[in-house]
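# Architecture at a glance
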Amino acid sequence: MAGAQSRLKIKTPAAAVVVALFAAYASAAYQETSPRQTQGGKPPQSKKQAGLTPEIRAHVRQAVSAVGLIFVRASGDPNQPPRPRGSAVIVRKDGIVATNWHVIFDSRSGRIFGDLLFTLSPDGNASSTSLHYRLKPVLLNKEYDLALLRIEPEAGSRAAQASTVFQAVAIGDSKAVRLLDDLFIIGFPEKGGLTVTVNRGTVEGRDILGNWIKTDGRMIHGNSGGAAVNARGELIGIPTKVVADSQPIDRDGDGFPEDVRVFGAVGFLRPSHLISAMLAELDSQVTRQLQVEPATPTPTMAAAPTVNIRGIVKSAADGKPVAGALVGLLSSGARQITESTLLTWGTANADGEFILNKPVPPGSYTLKTKALGYDASEREIKIDENGLKLVIELKPSQPK
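The model shown is predicted, which means the values in this text are computed figures rather than measured ones. (Residues numbered from 1 in each chain as written. Predicted model: local features only at pLDDT ≥ 70, side-chain atom pairs only at ≥ 80, totals over all residues. Heavy atoms only, no water.)

## Details of the pattern of salt bridges
The line we're drawing: We define a salt bridge as a contact between a side-chain nitrogen of Lys or Arg and a carboxyl oxygen of Asp or Glu at a distance within 4 Å. For helices the rule is a DSSP run of H or I covering at least 4 residues; for strands it is a run of E covering at least 2, with both sets numbered from the N terminus onward. We call a residue buried when its accessible area falls under 20% of the maximum for its residue type, exposed when it is over 50%, and partly exposed in between, using a 1.4 Å probe and counting protein chains only.
Overall, the coordinates contain seven salt bridges when judged by the stated rule. For the salt bridge of Asp 283 with Arg 92, the shortest nitrogen-to-oxygen distance reads 3.0 Å. In this pair, Asp 283 sits in helix H5 (residues 272-290) while Arg 92 sits in strand S2 (residues 83-92), placing the two residues 191 residues apart along the sequence. By relative accessible area, which is 22% here, Arg 92 ends up partly exposed. Three or more residues are tied together by salt bridges with common partners; here these are Arg 73, Asp 115 and Arg 134.

## A few points about the sheet that holds strand S21 (residues 388-394)
To summarise the sheet geometry, strands pair through backbone hydrogen bonds and adopt either a parallel or an antiparallel arrangement. Selection criterion: At least two DSSP bridges between two strands are required for those strands to pair. Orientation is described by lines fitted to C-alpha atoms, with helices fitted over the stretch in contact, and by angles between N-to-C directions that extend from 0 to 180 degrees.
Across the sheet, which stays open at both edges, the three strands sit in the order S18-S15-S21 with mixed pairing between neighbours. Of all the strands in the sheet, just strand S18 (353-355) and S21 have a single pairing partner and so form its edges. Averaged over neighbouring strand pairs, the angle between their axes works out to 25° when direction is ignored. Pairing of strand S15 (residues 309-315) with S18 involves three bridges; the strand directions are antiparallel. Note on S18: the bridge partner recorded for Arg 310 is Ile 355.

## A few points about helix H3 (residues 54-64)
Operational definition: What the arc describes is the spread of directions from the helix axis to the C-beta atoms. Only heavy atoms enter the contact rule, under which two residues are in contact if any of them lie within 4.5 Å.
Taken together, the buried positions of H3 are occupied by Ile 56, Val 60, Ala 63 and Val 64. Burial along H3 is one-sided: seen end-on, the buried residues are contained in an arc of 110°. Seen from the buried face of H3, the exposed residues on the opposite side, beyond 90 degrees, are Pro 54, Glu 55 and Arg 61. Contacts made by the buried residues of H3 are with strand S1 (67-73), strand S9 (182-187), strand S10 (197-207) and strand S12 (227-229).

## Quick look at the nonpolar core
Note the threshold: By convention a nonpolar core is built from buried Ala, Val, Leu, Ile, Met, Phe, Trp, Tyr and Cys residues, the set being connected through side-chain atoms within 4.5 Å.
In terms of nonpolar packing, the biggest core is built from 52 residues, with Ile 90, Val 91, Phe 118, Leu 148 and Ile 275 touching the most fellow members. Of all hydrophobic cores here, the second largest spans 19 residues; its members include Val 313, Ala 325, Leu 356 and Leu 394.

## Observations concerning the packing of aromatic side chains
Put simply, the rule is: Centres within 6.5 Å are what make two rings of Phe, Tyr or Trp a pair, Trp counting through its six-membered ring; a difference in plane orientation under 30 degrees is then read as stacked, over 60 as edge-to-face, and the rest as tilted. Only Lys NZ and Arg CZ are tested; either one counts as a charge over a ring when it is within 6 Å of the ring centre and within 35 degrees of the ring normal.
Under the definition given, this model contains three aromatic pairs. Relative to Phe 105, the ring of Trp 101 has its centre 4.4 Å away and its plane inclined at 25°; by these criteria the two rings are stacked. Here the aromatic rings of Tyr 133 and Phe 166 are separated by 5.5 Å at their centres, their planes lie at 70°, and the arrangement is edge-to-face. Remark: Phe 166 occurs in the loop between strand S8 (146-153) and S9 and Tyr 133 occurs in strand S7 (residues 131-141); sequence separation between them is 33 residues. What makes Tyr 133 buried here is its relative accessible area of 2%. Lying across the ring of Phe 268, Lys 241 places its NZ or CZ 5.0 Å from the centre. When the ring centre of Trp 212 is taken as reference, the NZ or CZ atom of Arg 270 above it lies at 3.5 Å.

Written as structure tokens, this is what we have:
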């Protein structure tokens, strides 16, 4: 599935994510696993087998009218016919469209495609009778593989005379989704032709730190950039990639597989709160552009010096690095980890090394560290203007 003007630093409430991980680190495994059996040992009835109410059908149909197909064409060749590339969804009535960055990026040229065309039809049929628009990128985020574009009607087309108010999908609360919630994947998969495809699935898990929602809803090439909506027709995610569980099959034992067996796949959605953050950033940019005379800082006001905090996390038992440890810096004396007390944080890599995500001014702080299989650590530290490289030793947890 995977595969400019600015690089957005998403202003997601990362502190809230880390607070949740510190508070319930061990519960992450539960979020990755869906319950499969009831007390009697019998599997529960699949939600896919349950009928959809007329209200749910109406909500999903309304969301379909906000999803379209992106066609691309390399610049400099007007005779080259545009080709379908992926899906996109209108997220604001003034014509702001969300999709994946990889949908609009030409890997061969290393640039965004010269022509980005968008077809939209109320019945989900991206044929010659659909409305055709041009798209202009306005905000990109390569880290999360997301892009916002603005609809620009082509001169002389039916769309140019159409209303400037578009049917947009409402953005839902992706942070509130739960395991086994219903969702619907809407898009234009490559093997589905030029008509929309709607597929029902469930939420299989969440990767909070990686900003993913996992689903068993069918996703294939072309679904990228479309919409994953809940039963109310609200956007809860952007279909982005699929990870397949496959195994090569070597029947004759010569070391060269003749076939590949696919056991299943997991679809990954970028949660809609990232889109909300991008829309807020876009509005902020527009506001700054309208400020003719930005405020001039007072010369006597000098910025306070700040320092970066880095270090390594080791096992107190054998000195080996502890990968994946969460390290958080709190206000001095803070005992509870909250969004207001958590000042900066980081995660240890495979070598146990970390660097906290934001610099802090010199002073006294409380350092907290947690990792699976180890006792939590807490201590007071003092940081001067030269910074501090921390060495944190964690004691392995004793079996209970």
